[in-house]
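Geometric and topological summary
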Amino acid sequence: MAKRPAKKSPAPDLANDDIGEETRMKLFRLQLECRQVEQRANDLFLQNLIKGTSHLGLGQEAIAAGFGGAMQSDDYTFCTYRGHNHTLVRGASMTGVLGELMGRECGLLGGKGGSMHLTSVEHGAMGSYAIIGAHLPIAIGAAWSAQYRGTDQVSVCFFGDGTTNIGAFHEALNMAVVWKLPVVFVCENNLYMEYTPISSVTAVENPAADRASAYGLDSIIVDGNDVDAVHRVARTAFAKARAGDGPSLIEAKTYRHSGHSRADPGAYRPDGELDAWLKRDPIPMYRQRLLDFGIGEADVIKVEKDVLRRVDEATETAKASPPPSADVIVTDVWADGGSAWRN
Amino acid sequence: MAKRPAKKSPAPDLANDDIGEETRMKLFRLQLECRQVEQRANDLFLQNLIKGTSHLGLGQEAIAAGFGGAMQSDDYTFCTYRGHNHTLVRGASMTGVLGELMGRECGLLGGKGGSMHLTSVEHGAMGSYAIIGAHLPIAIGAAWSAQYRGTDQVSVCFFGDGTTNIGAFHEALNMAVVWKLPVVFVCENNLYMEYTPISSVTAVENPAADRASAYGLDSIIVDGNDVDAVHRVARTAFAKARAGDGPSLIEAKTYRHSGHSRADPGAYRPDGELDAWLKRDPIPMYRQRLLDFGIGEADVIKVEKDVLRRVDEATETAKASPPPSADVIVTDVWADGGSAWRN
Amino acid sequence: MAELTYREAVAAGIAQEMRRDKNVVFLGEDIAAAGGVFKATVGLFEEFGPLRVRDTPISEQAILGAAMGAAMTGLRPIAEIMFSDFLAVCWDIVANQMAKSRYMTDGQVSMPLVIRTANGGGSRFGAQHSQSVENWAMAIPGIKVVAPSNPADVKGLFAAAVRDNDPVLFFEQKSLYATKGEVPDGDHVEELGKAKVVRHGTDVTIVALALMVPRAVAAAERLQQVDGISATVVDVRSLVPLDTRTILSEVAKTGRLITVEENPRLCGWGAEISSIVAEEMFYDLDGPIVRITTPHIPLASADLLEDLMIPSVDRIYDEVRKAID
Amino acid sequence: MAELTYREAVAAGIAQEMRRDKNVVFLGEDIAAAGGVFKATVGLFEEFGPLRVRDTPISEQAILGAAMGAAMTGLRPIAEIMFSDFLAVCWDIVANQMAKSRYMTDGQVSMPLVIRTANGGGSRFGAQHSQSVENWAMAIPGIKVVAPSNPADVKGLFAAAVRDNDPVLFFEQKSLYATKGEVPDGDHVEELGKAKVVRHGTDVTIVALALMVPRAVAAAERLQQVDGISATVVDVRSLVPLDTRTILSEVAKTGRLITVEENPRLCGWGAEISSIVAEEMFYDLDGPIVRITTPHIPLASADLLEDLMIPSVDRIYDEVRKAID
Ligand SMILES: Cc1ncc(C[n+]2csc(CCOP(=O)(O)OP(=O)(O)O)c2C)c(N)n1
Ligand SMILES: Cc1ncc(C[n+]2csc(CCOP(=O)(O)OP(=O)(O)O)c2C)c(N)n1
Ligand SMILES: [Mg+2]
Ligand SMILES: [Mg+2]
């Protein structure tokens, strides 16, 4: 675990705790699962067991956990190539995630999709999309479907700050509002596109929040490193969506601890920036909060050990899984299970 | 000429006239040229002399004239398929415009482009674009070029209300602001896309103006049927652009008198809507203003006759022009003048 | 049987499927209240109401994205892209998303949707509103591609497209909207991936699609009458899946292949079929394979120029005769 | 002569042109301060400064639109689209605008610009970051299409592309970035539209592009050594303009044609070349034309699967041998 931050959290208002111990433990566990799986993924890179690219969300776990922890099991998640966390918090198997990164048969996608496309439809994780912007309109389609079918499902769409500058963002936001769809757009503002600071290419300071009014939406900014805060805005937005009151656009301020992708050492970051954000690492911060709320350290350690054990097991299972058989190349292009384009 | 509106204009403040007689006469003449050429185009349809589609800007002339009258000769205009007016006000020949609509050799584009693509590069009319949104990013490119070359040219981009909902709008606005480009975006809000009211598909009331803040721009709305008002916002925006202070986004409220295109009778418009707007027809309104400002009716009539004569002449010349020779099919795909894709 | 226009058959096809299955929904620009800019969707809004027939903003990425997200979650959307040229503004959703999601997710994601669009030239709309882009779609693995040549096929192939569980790009030829033909009443469903031999001959096999089919047939009639050349005409109907069996067996009978495409020359579907035949039937051929196409040039708008660019009956007749001589 | 990587040759090619002509400007995502995500543009920002080498937002339509508007008004922009798959999000600007404006305006508009983009597979990036889409571009009249196979051609063809007055899509193969080769010093300019015969043979002509060229050459060497089959290998280099003269004359010498494409099977450039040969050289052929391609399936990401999909030396060797037997 990373070092606990020096600054002590303010004393919690125990009487006014709107979140509660059970949810807190869940949010902690979800964050930890993300962190441990991704750190393991990083180790597996270094052992050359992961061949393709990979985009870690280290440091951004509070967003995935805060929203994921507020979802119903039949809600829909749409996320990006930086989507390990969002997929995991829906309940997708760690083995499936690590296996996919390693290109093994046990992978969530059988080795066909890779790190950038994690999907687990049975868990509502409707896909990780690797072309910037595309999944925003797709997410509104799932929300439209829920609305049409008369369910109370919500479609939640995660994307980065850089994504706010592409056309599909604009089209999706407008149509979602016009059709009053149950969709929640979550911009994870980690200050950078790949290597370029978002501030150098964006006309406004808050790339999502300052655009909300262009769609008649409220401007919502949340501390993306505070899982409680994230959880609260999530609950509010979901309630609004389920009540038929339409979409929300939320900007969560955060930071990624590693480079953009596996290939990136992150040299473009000014000195001290990473350190400052490491002091606000969501996981040790939240661990401290649990203790401040009177949760016993033994209980916390139990979760930590349990998560680590499960990640260890998943790693071994995934490592033991064979590479996909060549036969799968020709399956599942079409609904009939095959790939024939001619008779 | 249409009937003069019943309501008398307020008495003009002659002492405080920031526009002046000469400019006023020019703005009047420009509007009239647009009106007469397009009415002629309509007549030519009915005579089956125009084969393709055509999108008239009848009723929207004050916008083309107000901006066109404020441009320098080396400024750039980018407009849409509804671009006859914007092309004419830059000085493109009436014969070339009518000839192109009729598919004649004398057409601005030699019959290759048609009504939707009028262009006259020598007059700064850099093209009419028929796919919604595309020319907004293209217009920023011309502005970037002017900025890079250190000229004081401005790039002016006209588009409709419906265009504010497509992705390219968003991308162009953001990049124009980030690069502080000398570009002026003019949204002609005529209340409709093709047949669908813009209000039914847009998240905000003013499709352009209510989005300005999403790019850190001022929200500017102008009466698009009042050429003086249009001319004033044009001058301000151009001065800002030439001073290096970046783009403007202007929403001009207006109405098209005819259907979306030749094929459209406009049956979707509520009863009385067209009549109400015809009372605010920019051209008779402006004619009255000229008289109110003390300009002699004889001078006004002289302009009217002169424009009509020129349109008559252009019509005859265009009619007399042969259809394009088949040889032109294979010219000008490439810069070498030809179309060969192989040796 | 009723005589319908190609345009009416579109509305009839959509209505048939919407009546059958309430998960079929329809979205696009100006398609609802106004009945579509080609008047091909008249009456649907009135019959099925605003929840099932929805007007959209001018946001093609949102239109197709919405269709895709809905298809992934239980609906069977039909999306209109007004002119096929506009597929370029939302090509990512077609080529990178719809086409690949099922495969990339190892079959987890289902994508039962249809994109219908007005394709092709002949309306003097100029280079940005007249393209024949069915070959763009054929080049993308994971998309089915259909292009009917007559009203009965419009209805029958459309029904098949809606009932298919894969994304189908359905190309309607603008110049055919006003043409008429007999259309079977009631539930009329064709099979995707079946070509149709619309004329039987012995000397040469002409393979055509959409607007090129009636033109090829007319050229074949003239070849018969004037030159005594007997031509088979195959209406491909579906580019993906492609009925190579029918094409190959018809070529085997005549020993000669000529393709007639509206798309511009390079990398058209005619090249694909030509290359299949050149690879698999080389020894059955009695002469070169000839492709008749629009030249590899943007389309001009003036009527006279446009008519010279898109293969006409005259040109098909001339080129086939020259090839067979 | 210096030995450069393909990646270094990109930067060298851009630098050469920017030094020569101050109207050459360069824009794209992460290309400036960061030197590009493939490190193919390292040093340019430092040498030419922020006015000529500009980082953009993630706004591909704005990137290409800006390039187009600038090209129409006196500049000669180079635009980067990071991965060629992303051309789908800005395809309208390429296919409907850049490609058609000169023609539609009867030659009034000039369009001297280059789009460079990382194309193709082999990096285990999955179906949305590995496509070989040079055939998308070839299908559009009005776009020139270039794809170099080695560092010298990168520099020489890039210079030609920048100096050309038409829009050029310049495809760099990702898997070649790390490969090395001798590159002429100083002003090095090749001609667009000239194929190169990279190996002379007598039994069969193999036509290849980009990454398929070194693989075809390796397969040809093995065919020679193991089977005594003597293969010509033609590096197409430029799909538009296409050097049919060289291709046809090499096919005439061997009587057999095999194309090797990385793009998925349907409507690839191999089909186009096959159909040209089947039409114009039918009587010179001694056997079927064979196309070797990636299957018509989205690319899988796992290394093992991806390697089985893209034509390998082994597969080229096997298929040529089988065809010639
Ligand atoms: C259309 C498109 N353009 C460019 C890219 C390349 N790309 C991948 S991630 C990325 C940066 C995205 O930044 P942001 O949205 O802030 O997300 P983050 O990576 O920070 O999570 C870019 C430019 C892409 N995948 N798709
Ligand atoms: C990308 C794209 N989608 C749709 C169309 C069809 N279309 C042409 S004009 C038009 C309406 C445009 O409305 P608006 O921007 O308000 O301009 P107006 O016609 O009112 O001047 C539409 C939908 C198109 N040309 N391009
Ligand atoms: Mg970011
Ligand atoms: Mg409008």
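Residues numbered from 1 in each chain as written. Chains lettered and ligands numbered in written order. Predicted model: local features only at pLDDT ≥ 70, side-chain atom pairs only at ≥ 80, totals over all residues. Heavy atoms only, no water.

**Some points on the site of ligand 2**
In the neighbourhood of ligand 2, 21 residues make up the surrounding shell, with Tyr81, Arg82, Gly162 and Thr163 of chain B together with Glu60 of chain C lying closest. Among the chains of the assembly, those with residues near ligand 2 are chains B and C. Within the side chain of Tyr81 of chain B, a nitrogen or oxygen atom sits 2.7 Å from an oxygen atom of ligand 2. In this structure, Asp161 of chain B approaches ligand 2 through a side-chain N or O atom, which is 3.0 Å from an oxygen atom. (Near = heavy atom within 4 Å. Polar contact = N/O pair within 3.5 Å; in protein donor to acceptor, adjacent residues only side chain to side chain.)

**Quick look at the packing of helix α1 (residues 21–46) of chain B against helix α2 (residues 61–68) of chain B**
Residues and elements named next belong to chain B. Packing of α1 against α2 leaves a shortest axis separation of 9 Å and a crossing angle of 135°. The angle between α1 and α2 falls in the class oblique. Relative to α2, α1 is oriented so that their crossing is right-handed. Between α1 and α2, the residues in contact are Leu27, Leu30, Gln31, Cys34 and Arg35 and Glu61, Ala62, Ala65 and Gly66, respectively. Looking at the contact of α1 with α2 residue by residue, the class counts come to 5 nonpolar, 2 polar and 2 charged. (Axes fitted to C-alpha atoms, helices over the stretch in contact; angles between N-to-C directions. Helix = DSSP H or I, 4+ residues; strand = E, 2+ residues; numbered from the N terminus. Parallel < 35°, antiparallel > 145°, perpendicular 65-115°, else oblique. Left-handed = near helix turned anticlockwise from the far one by under 90°. Contact = heavy atoms within 4.5 Å. Nonpolar A, V, L, I, M, F, W, Y, C, P; charged D, E, K, R; others polar.)

**Concerning the packing of α1 of chain B against helix α10 (residues 297–320) of chain B**
All names here are of chain B. Two elements in contact, α1 and α10, have axes separated by 9 Å at closest approach and are oriented at 40°. The hand of the α1/α10 crossing is right-handed. Here Met25, Phe28, Arg29, Leu32, Glu33, Gln36, Val37, Arg40 and Leu44 of α1 come into contact with α10, specifically with Asp299, Val300, Val303, Glu304, Asp306, Val307, Leu308, Arg310, Val311, Asp312, Thr315 and Lys319. By residue class, the composition of the contact of α1 with α10 is 10 nonpolar, 2 polar and 9 charged.

**Things to note about the interface of chain C and chain B**
Contacts between chain C and chain B engage 36 residues on the former and 35 residues on the latter. Overall, the association of chain C and chain B removes approximately 2,600 Å² of surface from exposure, summing both partners, and the carbon and sulfur fraction of that is 70%. In this assembly, chain C and chain B are joined by 1 salt bridge. The salt bridge involving Lys51 of chain B is made with Asp303 of chain C; its shortest N-O contact spans 3.0 Å. Summed over the shared surface of chain C and chain B, the number is 11 residue pairs in polar contact (both at pLDDT 80 or more). The element that contributes the greatest number of residues to the side of chain C that touches chain B is helix α10 (residues 303–309) of chain C, accounting for 5 residues. (Buried area = accessible area lost by both parts, 1.4 Å probe. Salt bridge = Lys/Arg side-chain N within 4 Å of Asp/Glu carboxyl O.)

**Considerations on the domain arrangement of chain C**
Residues and elements named next belong to chain C. Annotation of chain C at the domain level lists domain 1 (2–183) and domain 2 (196–324). Spacing between the C-alpha centres of domain 1 and domain 2 amounts to 26 Å. The interface is formed by 25 residues belonging to domain 1 together with 28 residues belonging to domain 2. Here domain 1 packs against domain 2, burying approximately 2,000 Å² in sum over the two surfaces, 58% of which is carbon and sulfur. The interface formed by domain 1 and domain 2 includes 4 salt bridges. A salt bridge links Arg124 to Glu306, with the shortest nitrogen-to-oxygen separation between them at 2.7 Å. (Domains from an automatic or database assignment.)

**Topic: the nonpolar core**
Membership of the largest hydrophobic core comes to 354 residues, with the highest contact counts inside it found for Phe185 of chain A, Phe185 of chain B, Trp91 of chain C together with Trp91 of chain D. Beyond its immediate sequence surroundings of up to four residues, Trp91 of chain C is in contact with Asn96, Trp136, Ala137, Ile140 and Leu169 of chain C together with Ala88, Trp91 and Trp136 of chain D. (Core = buried A, V, L, I, M, F, W, Y, C linked by side-chain atoms within 4.5 Å. Buried < 20%, exposed > 50% of the residue type's maximum accessible area, 1.4 Å probe, protein only.)

**Considerations on the sheet that holds strand β2 (residues 125–129) of chain A**
Residue and element names in this part refer to chain A. Read across the sheet, 6 strands follow the order β2-β1-β3-β4-β6-β5 without closing on themselves; strand pairing throughout is parallel. Of all the strands in the sheet, just β2 and β5 (220–223) have a single pairing partner and so form its edges. The average angle at which neighbouring strand axes cross in this sheet is 20°, direction not considered. With 3 bridges joining them, strand β1 (residues 76–80) and β2 adopt parallel strand pairing. Paired with Thr80 across the strands is Tyr129, a residue of β2. Packed on one face of the sheet, helix α5 (residues 135–149) meets β1, β2, β3 (155–160) and β4 (183–189) and runs near 170° to β3. (Pairing = 2+ DSSP bridges.)

**Some points on helix α7 (residues 227–242) of chain A**
Residue and element names in this part refer to chain A. With 16 residues, α7 extends 22 Å from end C-alpha to end C-alpha; this agrees with the ideal 22 Å at 1.5 Å per step. Of the residues making up α7, those classed as buried are Val227, Asp228, Ala229, Val230, His231, Val233, Ala234, Ala237, Phe238 and Ala241. The residue sitting at the N-terminus of α7 and contributing the capping side-chain oxygen is Asp226; that oxygen lies 3.0 Å from the backbone nitrogen of Asp228. Two residues or fewer past α7, Gly244 is found with a positive phi of approximately 85°. (Expected span 1.5 Å × (residues − 1).)

**Here's the deal with the coordination of the magnesium ion (ligand 3)**
Tetrahedral coordination by four donors puts the ideal angle at the metal at 109.5 degrees, and octahedral coordination by six puts it at 90 or 180 degrees. All names here are of chain A. The protein atoms donating to the magnesium ion (ligand 3) are Asp161 (OD), Asn190 (OD1) and Tyr192 (O), with metal-donor distances spanning 2.1 to 2.2 Å. Counting gaps between the donor residues of the magnesium ion (ligand 3) yields the pattern D-x28-N-x1-Y. Here Asp161 is found in the loop between β3 and α6 (167–178), whereas its partner Tyr192 is found in the loop between β4 and β5, with 31 residues between them in sequence. Here Asp161 matches Tyr192 in class, with each residue buried. (Donors = N, O, S within 2.8 Å, 3.2 Å for Na, K, Ca; no water.)

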